Amino acid sequence: MRFFEHTLFSGLKMILLEEMTFRWLEKFGVGGKEPEKNVPAGFAGSEKELEHSEEKRYASPPEIKSPDEEILISRRETKVKSLEGGTTHPLFVELKDDGKGVFKEAAWERERAVYLIDRFLGLELVPPTVVRQVNGILGSLQRFIPDATLGGNKDMETHLAACKTDMIKLWLLDIIIDNGDRNYANFLIKNSKVYAIDNGYSLNYGNKKDSLCYADFEKRISLYCGYKRFPGENLPVKLAGQMKKFLENTAGQKILQELLAELIGEDNARACLKRIVFVTKMIAEKGAVGSAGEDYLAID
Ligand SMILES: Nc1ncnc2c1ncn2[C@@H]1O[C@H](COP(=O)(O)OP(=O)(O)O)[C@@H](O)[C@H]1O
Ligand SMILES: [Mg+2]
C-alpha cells in the first residue's frame, strides 16, 4: 500500500514538474509550443473551454448548419486587431489552424439573426455568422471574405450586371429584415457573388425611429439597396421557386421564429416571420414583389 502511495505521489509530482518546466520554457520562448503572439491579455480560452460556454446555446440546428460555423465557433483566436473602416469597431480575428472572422460586439444578436434568416431562405448572401466569445466578450463572429471589393466601388455597374440575381436577393433580404443600412460599404462583391455584411441595423420592430417597416410597403420596396431596386420586376424562376418553398415549409418557419425569438425577442421574431410570409406569398402569386396596398408589418 505504502509502495503504491509513494509511486502515485511521485508520478503526480513528475507531471506537475513537467508542466511547470513546459510553462517556463514556453514563457521564455524556449522550445515548447509555438508562442502565440497578439493574443490579447485576458483571453485564455482553450477549445475545451469554448465548448462549454454560450456558443452551444446559440448553435445552429443541424438542418441549416454550415461546416464553417464549427470552425468559427471552436477554434481559438490567435490574433485580434481592429478592422479599419467600421464605425461600430469591428475586430479582425485570426483563428488557430486557419480561419478568419469579423467580430462584433454591437448588435451581435441581429448579425446572427440575419444569418439564420439567410440560411432558412437559402439565399446564400450572408457569410457564416456565429455567436461566440472573443477576448472574453460575447459577440458575433462572421467569416471574413478576403479580396472582396466593396459593393459601391467605381466598377459597380460592371459588377452588378454580372450578379443581378444576387442583387435581387439582397433587395429581398433587406425588405425581410427591414434593413436601414445597406450602404455601399455594407455589401461585398467577389467573383460575381454578393456578400451581405453589416446586417445589425435591422429587425427593429417596435422602434419607430430606427425601423423602416413603419413606412408603407410601396415606400419600403422602392428604397435603394446598394443603388438597386426591383419592385414589380419578375424574379428569376429559381429564386421564386426557392422563396415559395419556404412559404410551404411551415415547420421551418416555426423553427426559425423560435431561434429568432431567442435572439431578438418574440415580437421582433413574429414581425419578421410575418414579413417573410407576406413577401413569399406575393412572389408565389405574382412572381414579383410589387404594390401591396396593405400594411405588411403590424403584428397585432
Ligand atoms: N465578413 C467580412 N468580410 C470581409 N470584410 C468585411 C466583413 N465584414 C466587414 N468587413 C469590412 O469591414 C468594414 C466595416 O465593417 P462593418 O460590418 O460594415 O462595420 P460597421 O458596422 O462599423 O460599419 C466593411 O465595410 C468591410 O470593408
Ligand atoms: Mg458598415
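You'll find the structure just up there.
Residues numbered from 1 in each chain as written. Chains lettered and ligands numbered in written order. Predicted model: local features only at pLDDT ≥ 70, side-chain atom pairs only at ≥ 80, totals over all residues.

Participant: So, unusual backbone geometry: which residues are in play, and what are the values?
Facilitator: Although it is not a glycine, histidine 89 adopts a positive phi angle of roughly 55 degrees. Among the secondary structure elements, histidine 89 is positioned in the loop between β1 (77-82) and β2 (91-95). Judged by C-beta crowding, with 11 C-beta atoms within 10 Å, histidine 89 ranks as exposed. The phi dihedral of asparagine 135 falls on the positive side, at around 55 degrees, and the residue is not glycine. Tracing the backbone shows asparagine 135 in the loop between β4 (129-134) and β5 (137-143). (Helix = DSSP H or I, 4+ residues; strand = E, 2+ residues; numbered from the N terminus. Buried ≥ 20, exposed ≤ 12 C-beta atoms within 10 Å, placed from the backbone.)

Participant: Please set out the sheet that holds strand β6 (residues 149-150) residue by residue, giving values where relevant.
Facilitator: On the basis of which strands lie adjacent, the open sheet formed by 3 strands has the order β6-β7-β8 and antiparallel pairing. Since the sheet does not close on itself, it has two edges, and those belong to β6 and β8 (193-196), each with one partner. Bridging between β6 and strand β7 (residues 187-190) involves 2 bridges; their strand directions are antiparallel. Residue pairing in the sheet places threonine 149 in a bridge with isoleucine 189 of β7. Relative to β8, helix α6 (residues 164-177) is tilted by about 20 degrees, and along the sheet it contacts β7 and β8. (Pairing = 2+ DSSP bridges. Contact = placed C-beta atoms within 7 Å. Axes fitted to C-alpha atoms, helices over the stretch in contact; angles between N-to-C directions.)

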